[in-house]
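A look at the structure
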Amino acid sequence: LAAGAGHAAAVNTLLGAGADAGLKDAFGGSALLEAVGARRRDLVDLLVSNGATLGWDENKAAGELCSAVAESDAALLELYLAAKAPADSGERFFFFFSPFFFQVEVNFFFHLTPPLSPASLFHFHFQFLGDYDRRRALHIAAADGKLDLVKMLVEKGEADPAVKDRWGATPMLEAVKAKHPEVVAY
């Protein structure tokens, strides 16, 4: 609660009293995740230095990073990377994550809720279904020509520029196909 509310003094006091920086709540949330949500870099750094982790599986990390890139949210992406979210997440692949399954799930979701924007659908896809293409945040940033995010993923997140998606495409190939010469040059 202290991290989510941005109370640095309370977080320091609790850590000083021996609180476990990596403790998770019943829903899998953590103080580190709350600090990211509050957009408090100082608390993210403090918690990471005290051993906190996001505790995400590969697909969850891939989804959150891809969503931040798709939404051009550089500040959130930087916080995730500072919280040690792995930039090359998403290696695992489950056979039932297919375009057909995605369409069925979206149609089901649509009938129960008001219509979603394309950005919300994109977030829904990565958040709940995983990326069936095994594309990383770097693929998306390169394809969209977001040089600042490409640099952040490579330089701060140590993303592998040679990583391949399901079809063997690299972020470089995505940038070439989408005609983003500044990303290609980088």
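Residues numbered from 1 in each chain as written. Predicted model: local features only at pLDDT ≥ 70, side-chain atom pairs only at ≥ 80, totals over all residues. Heavy atoms only, no water.

1. Focus: the overall build of the protein chain
Rules: Here a strand is any run of E in DSSP of at least two residues, a helix any run of H or I of at least four, and the numbering for each starts at the N terminus. The buried label applies to any residue whose accessible area, calculated with a 1.4 Å probe on protein chains only, is under 20% of its type's maximum; exposed applies above 50%, and partly exposed to all values in between. What makes two residues a contact is simply this: any of their non-hydrogen atoms within 4.5 Å. Using the Shrake-Rupley algorithm and a 1.4 Å probe, accessible areas are obtained, with residue cover drawn only from the displayed protein chains.
Secondary structure summary: the protein chain contains twelve helices and zero strands in total. When the helices and strands of the protein chain are placed in sequence order, the string is α-α-α-α-α-α-α-α-α-α-α-α. A burial count over the protein chain gives 41% of its 186 residues as buried. Pairs at least 24 apart in sequence give 69% of the contacts found in the protein chain among residues at least 6 apart. Total accessible area on the protein chain stands at roughly 9,900 Å², and carbon and sulfur atoms take up 61% of it.

2. As for the side chain of His180
Applicable threshold: For the purposes of these results, a polar contact is taken to be a pair of N or O atoms within 3.5 Å, where, inside protein, one atom must be able to donate a hydrogen and its partner to accept one; residues adjacent in sequence count only when each atom of the pair is a side-chain atom.
Inspection of the secondary structure puts His180 in the loop between helix 11 (171–177) and helix 12 (181–185). Since its relative accessible area comes to 17%, His180 is described here as buried. Polar contacts involving the side chain of His180 include one to the main-chain amide nitrogen of Gly145, which spans 3.4 Å. Setting aside residues no more than four positions away along its own chain, His180 makes contact with Ala142, Ala143, Asp144, Gly145 and Ala175.

3. Some words on the packing of helix 4 (residues 41–49) against helix 6 (residues 74–82)
What counts here: Under this scheme, a helix contributes an axis fitted over its contacting stretch, all axes are lines through C-alpha atoms, and angles between N-to-C directions fall in the 0 to 180 degree range. In this scheme, roughly parallel covers angles under 35 degrees and roughly antiparallel covers those over 145, while 65 to 115 is roughly perpendicular and the rest are oblique. Throughout, a crossing is termed right-handed when the near helix is turned clockwise from the far one, and left-handed when it is turned anticlockwise from it by less than a right angle. Under this grouping Gly is polar, as are all residues other than the nonpolar Ala, Val, Leu, Ile, Met, Phe, Trp, Tyr, Cys and Pro and the charged Asp, Glu, Lys and Arg.
Contact geometry for helix 4 and helix 6: axes closest at 9 Å, N-to-C directions at 15°. One finds that helix 4 runs roughly parallel with respect to helix 6. Relative to helix 6, helix 4 is oriented so that their crossing is right-handed. Facing helix 4, whose interface residues are Arg41, Val44, Asp45 and Val48, helix 6 presents Glu78, Leu79 and Ala82. Here the residues of the contact of helix 4 with helix 6 sort into four nonpolar, no polar and three charged.

4. Notes on a nonpolar patch on the surface
Stated precisely, the cut-off is as follows: For patches, a residue must show more than 30% relative accessible area and have no salt bridge; joins then use 9 Å for like charges and 5 Å for nonpolar side chains, namely Val, Leu, Ile, Met, Phe, Trp and Tyr. Criterion for a salt bridge: a side-chain nitrogen of Lys or Arg within 4 Å of a carboxyl oxygen of Asp or Glu.
Together, Met172, Leu173 and Val176 make up a nonpolar patch on the protein surface, roughly 250 Å² of accessible area in all. Note that Leu173 resides in helix 11.

5. A short note on the nonpolar core
So the rule is basically this: Definition used in this section: a nonpolar core is a set of buried Ala, Val, Leu, Ile, Met, Phe, Trp, Tyr and Cys residues joined via side-chain atoms within 4.5 Å.
In this structure, Val44, Leu47, Val69, Leu77, Tyr80 and Leu153 are the most contacted members of the largest nonpolar core, which totals 40 residues. Breaking this core down by element, the ones donating at least two residues are helix 1 (2–5), helix 2 (8–16), helix 3 (31–37), helix 4, helix 5 (58–70), helix 6, helix 9 (137–143) and helix 10 (147–155). It is helix 6 that contributes the most residues to this core, six residues altogether. Dropping the residues within four chain positions of it, Leu47 is found in contact with Ala3, Val11, Leu15, Ala21, Ala31, Leu32, Ala35 and Ala52.

6. With respect to the packing of aromatic side chains
Quick reminder of the rule: In this analysis, rings of Phe, Tyr and Trp, with Trp reduced to its six-membered ring, are considered paired at centre separations within 6.5 Å, and the interplanar angle assigns stacked below 30 degrees, edge-to-face beyond 60, and tilted for intermediate values. In this analysis the charged atom, NZ for Lys or CZ for Arg, is taken to sit over a ring once it is within 6 Å of the ring centre and within 35 degrees of the ring normal.
Scanning the model with the defined rule gives one aromatic pair in all. Stacked on the ring of Trp56, the Lys or Arg Lys60 has its end atom at 5.8 Å from the ring centre.

7. Describing the pattern of salt bridges
A complete count under the given rule lists ten salt bridges for this structure. A salt bridge links Glu78 to Arg41; its shortest N-O distance comes to 3.7 Å. With a gap of 37 residues between them, Glu78 in helix 6 and Arg41 in helix 4 connect regions that are remote in the sequence. With a relative accessible area of 27%, Glu78 lands in the partly exposed category. Of the residues examined, Arg41 reaches a relative accessible area of 38% and is grouped as partly exposed. Between Arg135 and Glu174 there is a salt bridge; the shortest N-O distance is 3.0 Å. Of the two residues, Arg135 is situated in the loop between helix 8 (118–129) and helix 9 and Glu174 in helix 11; the sequence distance between them amounts to 39 residues. The same class applies to Arg135 as to Glu174, namely buried.

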